[in-house]
Amino acid sequence: VRKEERVWWLSCVTRIPAVGGKGGFGTLLKGQSKQAGAKRTIDFGACRDLNGRRLRHVNDEIKLQKWRHSQQQQKDNNNNNNN
């Protein structure tokens, strides 16, 4: 006669809250920027304005408008000199 064997498994989950906080990758980057010899950023072309457009594109558009305006002025001056 065979006895039926039962195996009972006990499962337990413990949750320990993480102590500390307010650290991480952003804090490391901020700390590195304050170190001596850290390079200052002067190229903000990859940044975005409040409308979501890249500043590089906005600045290029402004330069193009100025160039067109100067070309129009040169054309007007040439026409006035020829008359």
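So, here's what we can say about the structure. (Residues numbered from 1 in each chain as written. Predicted model: local features only at pLDDT ≥ 70, side-chain atom pairs only at ≥ 80, totals over all residues. Heavy atoms only, no water.)

What about the overall build of the protein chain?
Stated precisely, the cut-off is as follows: To qualify as a helix, a DSSP run of H or I must reach at least 4 residues; to qualify as a strand, a run of E must reach at least 2; elements of each kind are numbered from the N terminus. Only the protein chains shown count as covering a residue, and every accessible area follows the Shrake-Rupley method with a 1.4 Å probe.
On a plain count of helices and strands, the protein chain comes out with two helices and zero strands. Accessible surface, the protein chain: about 9,200 Å² in total, of which carbon and sulfur atoms supply 52%.

Some words on the pattern of salt bridges
The criterion, for reference: We count a salt bridge whenever a side-chain nitrogen from Lys or Arg sits within 4 Å of a carboxyl oxygen from Asp or Glu. Here's how the labels work: a residue is buried when its accessible area is under 20% of the maximum for its type, exposed when over 50%, partly exposed in between, all with a 1.4 Å probe on protein chains only.
Enumeration according to the criterion identifies one salt bridge in this entry. Two residues, R53 and E61, come together in a salt bridge whose shortest N-O distance is 2.6 Å. Residue E61 is classed as partly exposed on the basis of its relative accessible area of 36%.

Some words on a nonpolar patch on the surface
For clarity, the cut-off: Within this analysis, patches are made of residues with over 30% relative accessible area and no salt bridge. Like charges are joined at 9 Å or less; nonpolar side chains (Val, Leu, Ile, Met, Phe, Trp, Tyr) at 5 Å or less.
Where nonpolar side chains cluster on the molecular surface, the patch consists of F25, L28 and L29 and spans about 350 Å² of accessible area. Of note, L29 is situated in helix 1 (residues 25-33).

Any link to function would need more than the numbers given here.
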